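The primary structure of each chain is shown beneath.
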Protein chains: 2
Amino acid sequence: MNIILLSGGSGKRLWPLSNDVRSKQFIKIFRTEDGTYESMVQRVYRQIRKTDADATVTIATSKAQVSAIHNQLGEEVGISVEPCRRDTFPAIALACAYLTDVQGVDPEEAVVVCPVDPYVEEDYFQALKELGEQADKGEANLVLMGIAPTYPSEKYGYIIPESEDNISRVSCFKEKPDAQTAKAYIDQGALWNGGVFAYKLKYVLNKAHELIDFADYQDLFDKYGTLTKISFDYAVVEKEENIQVMRFAGQWKDLGTWNTLTEAMKEKSVGDAVMNEHCKNVHIINEMDVPILAMGLQDVVISASPEGILVSDKEQSSYIKPFVDAIDQQIMFAEKSWGSFKVIDVEEESLTIKVTLNAGHKMNYHSHKNRDEIWAVIQGTGRTIVDGMEQRVKTGDVITMQAGCRHTIIAETELKLIEVQLGKEITVHDKQKFPLENE
Amino acid sequence: MNIILLSGGSGKRLWPLSNDVRSKQFIKIFRTEDGTYESMVQRVYRQIRKTDADATVTIATSKAQVSAIHNQLGEEVGISVEPCRRDTFPAIALACAYLTDVQGVDPEEAVVVCPVDPYVEEDYFQALKELGEQADKGEANLVLMGIAPTYPSEKYGYIIPESEDNISRVSCFKEKPDAQTAKAYIDQGALWNGGVFAYKLKYVLNKAHELIDFADYQDLFDKYGTLTKISFDYAVVEKEENIQVMRFAGQWKDLGTWNTLTEAMKEKSVGDAVMNEHCKNVHIINEMDVPILAMGLQDVVISASPEGILVSDKEQSSYIKPFVDAIDQQIMFAEKSWGSFKVIDVEEESLTIKVTLNAGHKMNYHSHKNRDEIWAVIQGTGRTIVDGMEQRVKTGDVITMQAGCRHTIIAETELKLIEVQLGKEITVHDKQKFPLENE
């Protein structure tokens, strides 16, 4: 099976655990059998591998997510990097060009496209496989997955099938309706459109060449910024006459809000948390190093990270976005290709950060124009290169770097350091990268 | 007026803002007219000064609170330091010896004793003054303040006066009753015992000499650890025949729980906090650097500090103590005589701390047996002394100190530094102090 997972943009609806650089799909919130926690993307990837160990998985995403994906899924997973966001049609076209030109997939093969963040069980992946097999048959240009509705939701588009068969031609599509209309659709046998579909690779490649003037993957990548934003539904699905839909009646949840997300949690809390016996339907997700104590609460979610603290009635948590938009805040933590960082102190003319480098990884060789930096190694061993001079470092070593000085650190073991930034205008944009000689 | 303020021990009922080293009376929670915030002890001290600019104020407290008191009230306030906790009779006896032997107060003068943390208005301090004046008259050995009850509380002891006059002889005392009994007392004209009383200094000095064998203040201080724990009520009040009570009918609140404390707050929140319009009777006290967002909550208090986060139904917040006792945690922040510190990162073999020194102040000259330390100055100027070597320091300077090395830092301006501690056994007890030569 060839599968393209669409990994969407940063969402604020799960603040403070999602932010401008970490999307909800990377929050480690689901307890696995061995007692560790996995994220939505890790869960889905593990489930795909279990259903089809040989699946070619390609994640279509933005540059900002590449580090987090490699950290969570390893270096092997295929990533089609969108140079900027241009909605789903350009993203899927780019991923298809990547599959043929970079991965060497035969354009006659079927491809399944689905979002990276549904909360589903293994029958869903079995259904994806069958969806691909149906596309392989070539009975239709597109085969959609139609999800059996569990209630008259106003959140989804509806697919009206021609028959009640497991596989049917599509009669028409309906945009997000009100609840009453949704109920009428469901009575007619309508299915939710969960944005899951399959096609032969050549079908979308041809569509792409019809709508975009490009030679191959590299050319499409290079001109990506000039493309018009357009959704796959609008550019392709709504204009296609020859579509089938395959029913899926298993568990399918869209965990987009704290309310729906906590419903899927196996435990009451993740992280350091205590509740008294008068708490009912309370969930706590604590990514901070200090304890949370909850007493006498009902239907409440508490979530804390270095970005902030949310305490919300579960129903109300769906309306979080405008409040989070109003919070003007620098990024307080992030996963990077080489590890992670967390801001631990903010002053007007200084910023103190805890940096964790994974074993064998290094930062870019870089300099800052407007700030000096101090590194204190608090754990591990490695090497620093400062203005070309290489030096071994270990716990307790201190490295001072003036503004303008080029520097990097290369971790041998896992390496942790406290970085003190000093200057009048400290910003993440003050960074010049340089190639490292002899590395 | 001579006034002794009893500043009680560390309380956990206002966790996470009070902890083993910071008592509730030091939490800055009350907004003043100029927009800044003051603590209970600052509020009471300001109110006393306003009522009687010449009052001799002595705070009877433990060693652990001395730094916080000087930080919040300045260097001028008198402090009678209890070498260890021995309940209220020894504490009041020591403070009285301090008043005569150290402050030179005439034993014929009246002294008023009251807790440091009632939430009261200025009429209360006017009443304290009158209480002292009544004691001056010498009509009774002790004059108590009887607080007009507002409801049949089970939390207070009751004073039964002989008459309904403003000043009356005391008929008897009643221990904390149940609500029904309390109601019966109130119907008889009983008053709450708020632990406020006045006497001539010589009266308590004589009592002290009767019960304790000591020569003077210094002698009492030196043998303080050997004294029996006994309350002033038990040792003196209950045995005294000649007592008057003076009525006080103004506002008097004991802010011992989050529920009562938030009732006294003028604003819904202190610190970085946002509530949506569906929050009703919610209070947020946020001492962290990141925002708290509350949505759709009712009758809830949220409180966050570097020690932890409390989210509690207001009623339930009175039952916090056993839960906090169960949280085994190192001290994460503290006020010191020279400034303050905050733990900003904890690892197995390192601890990173932000230290703020007030201008003109210095740490003790000290060394650690089992840890190396690194200082990075992030703001201000000063001098370090490391193994006797003095050096000027400014923003950006780094000082490294091996275990065993003696060190201090002296702030010229306000000085902030990041201190990285490195070692296998990091504890506050690993500290040897030394005298500083030529300082």
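For the structure itself, look to the data block above.
Residues numbered from 1 in each chain as written. Chains lettered and ligands numbered in written order. Predicted model: local features only at pLDDT ≥ 70, side-chain atom pairs only at ≥ 80, totals over all residues. Heavy atoms only, no water.

Asks: What should I look at first to understand the overall build of chain A in this one?
Replies: The number of helices and strands found in chain A is 10 helices and 30 strands. For 439 residues, the compact-globule estimate of 2.2 N^0.38 gives 22 Å, and the C-alpha radius of gyration of chain A, at 24 Å, lies within 12% of that figure. For chain A, the spread of C-alpha atoms along the principal axes amounts to about 70 × 60 × 40 Å. Relative to its 439 residues, chain A shows a buried fraction of 54%. The long-range fraction of contacts in chain A, counting pairs at least 24 apart against all pairs at least 6 apart in sequence, stands at 66%. Working note: accessible area of chain A is about 18,900 Å², and carbon and sulfur atoms make up 46% of it. Side chains of chain A give 47 positive and 68 negative charges; the mean places of these two sets differ by 1 Å. (Helix = DSSP H or I, 4+ residues; strand = E, 2+ residues; numbered from the N terminus. Rg over C-alpha atoms; globule rule 2.2 N^0.38 Å. Buried < 20%, exposed > 50% of the residue type's maximum accessible area, 1.4 Å probe, protein only. Contact = heavy atoms within 4.5 Å. Areas by Shrake-Rupley, 256 points an atom, 1.4 Å probe, with all protein chains shown as cover. Lys, Arg positive; Asp, Glu negative; His and termini not counted. Charge placed at Lys NZ, Arg CZ, Asp CG, Glu CD.)

Asks: What's the story with the pairing of strand β28 (residues 407-411) of chain B in this structure? I'm lost.
Replies: Regular strands have side chains that alternate between both faces of the sheet. Residues and elements named next belong to chain B. With respect to burial, β28 is a largely interior element, five of its five residues being buried. Burial along β28 is two-sided: the residues His-407, Ile-409 and Ala-411 and Thr-408 and Ile-410 are all buried. Two elements, strand β25 (residues 381-386) and β28, share five bridges in a ladder whose sense is antiparallel. Paired with Val-386 across the strands is His-407, a residue of β28. (Pairing = 2+ DSSP bridges.)

Asks: Sorry, what's going on with a negative patch on the surface here?
Replies: A cluster of acidic residues, Asp-106, Glu-109, Glu-130, Glu-133 and Asp-136 of chain A, forms a negative patch on the protein surface. In this fold, Glu-133 of chain A is placed in helix α4 (residues 122-137). (Patch = residues over 30% accessible without salt bridge, like charges linked within 9 Å, V, L, I, M, F, W, Y side chains within 5 Å. Salt bridge = Lys/Arg side-chain N within 4 Å of Asp/Glu carboxyl O.)

Asks: Please clarify how the pattern of salt bridges should be interpreted in this entry.
Replies: For side chains of opposite charge, pairing can occur when their charged atoms come near one another. Under the defined criterion, the tally for this structure stands at 42 salt bridges over all chains. Between Lys-416 of chain B and Glu-347 of chain A there is a salt bridge, with the nearest N and O atoms lying 3.0 Å from each other. On the criterion of chain membership, the pair formed by Lys-416 of chain B in strand β29 (residues 415-422) and Glu-347 of chain A in strand β21 (residues 339-347) is interchain, its members lying in two chains. Grouping residues by exposure puts Lys-416 of chain B and Glu-347 of chain A together as buried. One salt bridge in this structure joins Arg-392 of chain B and Glu-412 of chain B, with 2.7 Å as the shortest N-O distance. Here Glu-412 of chain B lies in the loop between β28 and β29 and Arg-392 of chain B lies in strand β26 (residues 389-394), a separation of 20 residues in the sequence. Among the residues examined, Arg-392 of chain B registers a relative accessible area of 53% and is labelled exposed. The partly exposed category is assigned to Glu-412 of chain B, whose relative accessible area is 37%. Each member of the salt-bridge network shares a partner with another, and the members are Asp-345 and Glu-347 of chain A together with Lys-354 and Lys-416 of chain B.

Asks: Help me out: how do you make sense of the relation of the copies chain A and chain B in this one?
Replies: Put simply, the two copies of the chain differ by a rotation about an axis and a shift along that axis. Mapping chain A onto chain B calls for a screw motion: a turn of 179° about the axis and a shift of 0.0 Å along it, with 0.1 Å RMSD after fitting. On the angle and the small slide along the axis, the relation comes out as a two-fold axis. When C-alpha distances to the rotation axis are compared across chain A, the minimum falls at Ile-344 of chain A, with a value of 2.9 Å. A high fraction, 100%, of the interface residues of chain A reappear at the interface in chain B, so the copies pair face to face through one surface. (Least-squares fit on C-alpha atoms with pLDDT ≥ 70 in both.)

Asks: Looking at this structure, how should I read the interface of chain A and chain B?
Replies: One frequent convention defines the size of an interface as the accessible area lost when the parts assemble. Chain A puts 53 residues into the contact, and the matching count from chain B is 54 residues. Area buried by chain A at its contact with chain B is led by Leu-293, Met-295 and Ile-309 of chain A, which between them contribute 17% of it. Here chain A and chain B share six salt bridges between them. On the surface where chain A and chain B come into contact, there are 18 residue pairs in polar contact (both at pLDDT 80 or more). With six residues, strand β19 (residues 308-313) of chain A is the single largest residue contributor to the side of chain A that touches chain B. (Buried area = accessible area lost by both parts, 1.4 Å probe. Polar contact = N/O pair within 3.5 Å; in protein donor to acceptor, adjacent residues only side chain to side chain.)

Asks: Can you walk me through the sheet that holds strand β17 (residues 292-295) of chain B in this structure?
Replies: Pairing within the open sheet is mixed, and its six strands lie in the order β14(A)-β16(A)-β18(A)-β19(A)-β17(B)-β15(B). Single-partner strands in this sheet number two, and they are β14 (269-270) of chain A together with β15 (273-275) of chain B. Note: β14 of chain A against strand β16 (residues 280-286) of chain A, two bridges, orientation parallel. Note that in β16 of chain A the partner of Ser-269 of chain A across the bridge is Ile-284 of chain A.

Asks: Would you take a moment to explain the sheet that holds β29 of chain B for this structure?
Replies: Hydrogen bonds along the backbone pair up the strands of a sheet, which may run parallel or antiparallel. All names here are of chain B. As summarised here, the arrangement of the six strands in space is β20-β21-β22-β29-β24-β27, forming an open sheet in which the pairing is antiparallel. Here the strands that pair on one side only, and so sit at the sheet edges, are β20 (333-336) and β27 (398-401). On average, each strand axis in the sheet is tilted by 20° relative to the strand beside it, whichever way the strands run. Pairing of β20 with strand β21 (residues 339-347) involves four bridges; the strand directions are antiparallel. Note on β21: the bridge partner recorded for Ala-334 is Phe-341. Lying over the sheet, helix α2 (residues 63-73) contacts β20 and β21, oriented at roughly 70° with respect to β20. (Axes fitted to C-alpha atoms, helices over the stretch in contact; angles between N-to-C directions.)

Asks: Can you help me understand the packing of aromatic side chains in this one?
Replies: Applying the stated rule across the entire model yields 28 aromatic pairs over all chains. Geometrically, the ring pair formed by Tyr-124 of chain A and Phe-248 of chain A is edge-to-face, given 5.6 Å between the ring centres and 75° between the ring planes. Of this pair, Tyr-124 of chain A sits in helix α4 while Phe-248 of chain A sits in strand β12 (residues 243-248), and the two are 124 residues apart along the sequence. Exposure class is identical for Tyr-124 of chain A and Phe-248 of chain A. Each is buried. Arranged with centres 5.5 Å apart and planes meeting at 85°, the rings of Tyr-151 of chain B and Trp-192 of chain B form a pair that is edge-to-face. Of this pair, Tyr-151 of chain B sits in the loop between β8 (142-147) and β9 (157-161) while Trp-192 of chain B is found in strand β11 (residues 191-200), placing the two residues 41 residues apart along the sequence. Through a chain of ring-to-ring contacts, the aromatic side chains of Phe-89, Phe-197, Tyr-199 and Phe-232 of chain A assemble into a single cluster. The residue whose ring lies beneath Arg-43 of chain A is Phe-30 of chain A, and the NZ or CZ to ring-centre distance is 5.9 Å. Sitting above the plane of the Phe-434 of chain B ring, Arg-406 of chain B keeps its charged end 3.7 Å from the centroid. (Phe/Tyr/Trp six-rings, centres within 6.5 Å; stacked < 30°, edge-to-face > 60°. Lys NZ or Arg CZ within 6 Å of the ring centre and 35° of its normal.)

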